[in-house]
Amino acid sequence: MTIILTTLMFMIATEDIAVDGWALTLLSEKNAKLGPTVQTIGQTCGYFLAYTLFLAFNSADFCNAYLRSEPLPDGLLSLSLFMKFWGIFFVLFGLLLLFKSENTVRVELTVKEAYTTLWKIAKAPQIRFLIFFLFSRKLFFSVFENMTHFKLLEKGLKKETMGLLALIAFPCEVIFSLITGKMTTTRILVPFEIGFMIRLVVCVLELLLVYFSDGLDSILGFGSVIALVIISSFATNLMRGSSGALFVRLSSKTSIGGSVMTLLNTLSNLGYSWPIFFIMSLVDFSTTKPCVGASGSDASVGVSGSDASVDGYYVVGVSSVVLGICWFFFLRCRIRQLEKLAPL
């Protein structure tokens, strides 16, 4: 299993580099500025098909609630059928690409030369700040992106309703990607600034919604959740599209553009994933619940639950918003300087 997964990850990484490089040369010079928009829409559609749509059709609760007249114990789509279909699709599509011809100028670099070039790029002062920017920008939203849906379930939102929300958000995300593409044609990082502040406002509204709502099964509660999901999707697309436009501009002139693009995308993805463990640990550490000990005296223990006397979700959530505001205003000028970076 280890060998299989290692081989699979190697092929996926190779494919990522090839696709990133292809994205830099596929469009004409006239349409090159549309590259980030095309990539964002493609990634959104891929995520929807591979994750959102599968989870919805795999869920018996969702299918029974919205797609069936009589309930059944299983969903419409099984994991085995899903894996078989996309496995065959990938093989056939890969074979089809063998017959595609390309008229490109080949630049031969050894593996050592490629990594040496990447290392030189990463050591540049402005690139070091870019790496810090990519690693820290998602830190302040981690608790909301990874815990809010659990809190909504605690407050009475049904699992099948969560699946419906994801389906509703998909067409909105495609439209928002087009809007972001238009906005990044003049000032690349201005949409990021707008999206960052909108996302912080949505985080505050999420805290208030979770804290004050007694039940979300009403029309008002459901409408509030939909509104926050759509606004949050808009803000996220602004930030993601803005970063993608910056990556394309930095990678477009170098001979190893695909590798540079993959490096920047990898750093961006790590910036999303690395805070999760620490944020979840902080939530658990700062959550306490009153209990009665063996002697009858009160004590406090760390728990995660809606009946906690101090819920770490609110503690970490409020702290994240405050730190996010400070981060933004202290680094705003440095962030805007990233727009002036010359292609690598």
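As shown above, the structure is provided for reference.
Residues numbered from 1 in each chain as written. Predicted model: local features only at pLDDT ≥ 70, side-chain atom pairs only at ≥ 80, totals over all residues. Heavy atoms only, no water.

A. Structural view of the side chain of Thr 148. Structurally, the position occupied by Thr 148 is in helix α7 (residues 142–154). By relative accessible area, Thr 148 is classed as buried at 7%. Side-chain polar atoms of Thr 148 contact the side chain of Glu 206, separated by 3.2 Å. Excluding residues that lie within four positions of it along the chain, Thr 148 makes contacts with Val 143, Glu 206 and Tyr 313. (Helix = DSSP H or I, 4+ residues; strand = E, 2+ residues; numbered from the N terminus. Buried < 20%, exposed > 50% of the residue type's maximum accessible area, 1.4 Å probe, protein only. Polar contact = N/O pair within 3.5 Å; in protein donor to acceptor, adjacent residues only side chain to side chain. Contact = heavy atoms within 4.5 Å.)

B. Inspection of the packing of helix α2 (residues 35–58) against helix α10 (residues 219–251) at higher detail. Relative orientation of the contacting elements α2 and α10 amounts to 130°, with a least axis distance of 9 Å. Viewed along their axes, α2 and α10 adopt a mutual orientation that is oblique. Seen along the crossing, α2 lies across α10 with a hand that is right-handed. Here Pro 36, Gln 39, Thr 40 and Thr 44 of α2 lie close against α10, whose contacting residues are Asn 237, Arg 240, Gly 241, Gly 244, Ala 245 and Val 248. (Axes fitted to C-alpha atoms, helices over the stretch in contact; angles between N-to-C directions. Parallel < 35°, antiparallel > 145°, perpendicular 65-115°, else oblique. Left-handed = near helix turned anticlockwise from the far one by under 90°.)

C. How the structure looks around a nonpolar patch on the surface. On the surface, Met 1, Leu 5, Leu 8, Met 9, Phe 10, Met 11 and Ile 12 cluster together into a nonpolar patch covering about 760 Å² of accessible area. When you line up the elements, Met 11 lands in helix α1 (residues 2–26). A residue is classified by how much of its surface remains accessible, and Met 11, at 48% relative accessible area, is partly exposed. (Patch = residues over 30% accessible without salt bridge, like charges linked within 9 Å, V, L, I, M, F, W, Y side chains within 5 Å. Areas by Shrake-Rupley, 256 points an atom, 1.4 Å probe, with all protein chains shown as cover. Salt bridge = Lys/Arg side-chain N within 4 Å of Asp/Glu carboxyl O.)

D. View of the nonpolar core. Core analysis: the biggest nonpolar cluster contains 50 residues, and Leu 130, Phe 196 and Trp 327 have the highest contact counts within it. Sort the elements by how many residues they give to this core and α10 lands first, with 9 residues. Ignoring any residue separated from it by four or fewer positions in sequence, one finds Phe 196 in contact with Arg 137, Phe 140, Phe 141, Met 239, Gly 324, Trp 327 and Phe 328. (Core = buried A, V, L, I, M, F, W, Y, C linked by side-chain atoms within 4.5 Å.)

E. Inspection of the packing of α7 against helix α9 (residues 190–212) at higher detail. Between α7 and α9, the least distance of the axes is 11 Å, while the angle of their chain directions is 25°. Between α7 and α9, the interaxial angle falls into the category roughly parallel. The chirality of how α7 crosses α9 is left-handed. Of α9, the residues touching α7 (which contributes Phe 144, Glu 145, Thr 148, Lys 151 and Leu 152) are Arg 199, Cys 203, Glu 206, Leu 207, Leu 209 and Val 210. When its residues are assigned to classes, the contact of α7 with α9 shows 6 nonpolar, 1 polar and 4 charged. (Nonpolar A, V, L, I, M, F, W, Y, C, P; charged D, E, K, R; others polar.)

F. Seen up close, the pattern of salt bridges. Enumeration according to the criterion identifies 6 salt bridges in this entry. Between Glu 193 and Arg 332 there is a salt bridge whose closest N-O contact spans 3.6 Å. Of this pair, Glu 193 sits in helix α9 while Arg 332 sits in helix α13 (residues 312–337); the two residues are 139 residues apart in sequence, bridging distant segments of the chain. A relative accessible area of 6% means that Glu 193 is categorised as buried. Exposure remark for Arg 332: the relative accessible area of 30% places this residue in the partly exposed category. The partner of Glu 193 in a salt bridge is Arg 336, and the shortest N-O contact between them spans 2.9 Å. Of this pair, Glu 193 sits in helix α9 while Arg 336 sits in helix α13, and the two are 143 residues apart along the sequence. One salt-bridge network, held together by shared partners, links Lys 151, Glu 154 and Asp 311.

G. Just helix α12 (residues 275–286), in detail. When the terminal C-alpha atoms of α12 are compared, their 16 Å separation across 12 residues agrees well with the 16 Å that a helix rising 1.5 Å per residue should span. Three or more residues of α12 are buried, namely Pro 275, Ile 279, Val 283 and Ser 286. What you see down the axis of α12 is that its buried residues fit within an arc of 80°, all on one side. Residues Phe 277 and Phe 285 are exposed on α12 and point more than 90 degrees away from its buried face. (Expected span 1.5 Å × (residues − 1). Arc of directions from axis to C-beta.)

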